[in-house]
Amino acid sequence: MSEGRKKLAFTYNAPVTLTFALISFIVLVVGWITKGASTKMFFEVYRSKVGVAWFIRLFGHVLGHADLSHYASNMTLFLLLGPVLEDKYGSGTLLEAFGIVAVVSGLVQIILFPNVALLGASGIVFMMIILVSASDLKKGEIPISLILVMIIYLGSEFVTMLAVKDNVSQLTHLVGGLCGAVIGGIINSRK
């Protein structure tokens, strides 16, 4: 082997993103094993008595997924966008953003839809979509790409929310996207 060649090495390049995806997969597997009991107890948010489990669900519902297809559809974009955002804003900031979206979307669900459970990372994914688009914000400038992403993604979710009855929480997508816009504005205004 020549000295000019480097050995191929795997890197844990985005610790928050990769750990979140791994924990979500473990939650999915444990949910299969327990026939959904663990998911319902800790990884779905719904109106219930406030206590320790309620707070765990308020943050933890973003880790739960209904099935492998639900997990895969969320994690595809999550794993694409997460490393970019983690590199740009840092692991701590991204983790804070995840927590904000989890709490806000969980509270909106509990208040507006008390009889319906919510789980999944789609609110975070929509936050990430908007946050990536907002990463080029400069003082006095708004990128056209940000406007188009907001119109296309959030606009289509709003229309779907009004027109289609399905098991997808478009409101959570809207909440995640709006959180992404606010978080992106705050982060970029600090710079």
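This structure is a prediction, so every number in the text was calculated from the model and none was measured.

Across the protein chain, the average pLDDT comes to 86, with 89% of residues at 70 or higher. Considering each helix and strand of the protein chain separately, the mean pLDDT is smallest for helix H7 (residues 144-163), with a value of 74, and largest for helix H1 (residues 15-33), with 97.

Two aromatic rings are characterised by how far apart their centres lie and by the angle between their planes. Within this structure, the stated rule accounts for six aromatic pairs. Ring geometry for Trp-54 against Phe-55: centres 4.9 Å apart, planes inclined by 90 degrees, an arrangement best described as edge-to-face. Since its relative accessible area comes to 11%, Trp-54 is described here as buried. For Phe-55, a relative accessible area of 45% corresponds to the partly exposed category. Through pairs of rings, three or more aromatic residues link up here, namely Phe-20, Phe-78 and Phe-98.

The next thing to look at is unusual backbone geometry. The backbone of Lys-35 sits at a positive phi, close to 55 degrees, despite the residue not being glycine. With respect to the element layout, Lys-35 can be found in the loop between H1 and helix H2 (37-42).

Okay, a nonpolar patch on the surface next. Taken together, the side chains of Ile-142, Ile-144, Ile-147, Leu-148, Ile-151, Ile-152 and Tyr-153 define a hydrophobic patch exposed on the protein surface, amounting to about 710 Å² of accessible area. Inspection of the secondary structure puts Tyr-153 in helix H7.

Moving on to the packing of helix H5 (residues 91-112) against helix H8 (residues 170-190). Geometrically, a packed helix pair is captured by the angle between its two axes and the distance between the axes. Relative to each other, H5 and H8 sit at 140 degrees, their axes nearing to 10 Å. Looking at the two axes, H5 sits oblique to H8. The two elements H5 and H8 cross, and the hand of that crossing is right-handed. Within the contact between the two elements, H5 uses Thr-93, Ala-97, Ile-100, Val-101, Val-104, Ser-105, Val-108, Gln-109 and Leu-112 and H8 uses Leu-171, Thr-172, Val-175, Gly-176, Cys-179, Ile-183 and Ile-187. A per-class count over the contact of H5 with H8 returns 11 nonpolar, five polar and no charged.

In this structure, Phe-20, Phe-78, Phe-98, Ile-124, Met-127 and Met-128 are the most contacted members of the largest nonpolar core, which totals 38 residues. Looking at this core, the elements that each hand over two or more residues are H1, helix H4 (68-89), H5, helix H6 (122-133), H7 and H8. With eight residues, H6 is the single largest residue contributor to this core. In contact with Phe-78, other than residues within four places in its own chain, are Thr-17, Phe-20, Ala-21, Pro-83, Phe-98, Ile-124, Val-125 and Met-128. Membership of the second largest hydrophobic core comes to five residues, among which are Val-45, Leu-58, Ile-110 and Leu-118.

Cut-offs used in this document
Residues numbered from 1 in each chain as written. Predicted model: local features only at pLDDT ≥ 70, side-chain atom pairs only at ≥ 80, totals over all residues. Heavy atoms only, no water. pLDDT = per-residue confidence, 0-100. Helix = DSSP H or I, 4+ residues; strand = E, 2+ residues; numbered from the N terminus. Phe/Tyr/Trp six-rings, centres within 6.5 Å; stacked < 30°, edge-to-face > 60°. Buried < 20%, exposed > 50% of the residue type's maximum accessible area, 1.4 Å probe, protein only. Patch = residues over 30% accessible without salt bridge, like charges linked within 9 Å, V, L, I, M, F, W, Y side chains within 5 Å. Areas by Shrake-Rupley, 256 points an atom, 1.4 Å probe, with all protein chains shown as cover. Salt bridge = Lys/Arg side-chain N within 4 Å of Asp/Glu carboxyl O. Axes fitted to C-alpha atoms, helices over the stretch in contact; angles between N-to-C directions. Parallel < 35°, antiparallel > 145°, perpendicular 65-115°, else oblique. Left-handed = near helix turned anticlockwise from the far one by under 90°. Contact = heavy atoms within 4.5 Å. Nonpolar A, V, L, I, M, F, W, Y, C, P; charged D, E, K, R; others polar. Core = buried A, V, L, I, M, F, W, Y, C linked by side-chain atoms within 4.5 Å.

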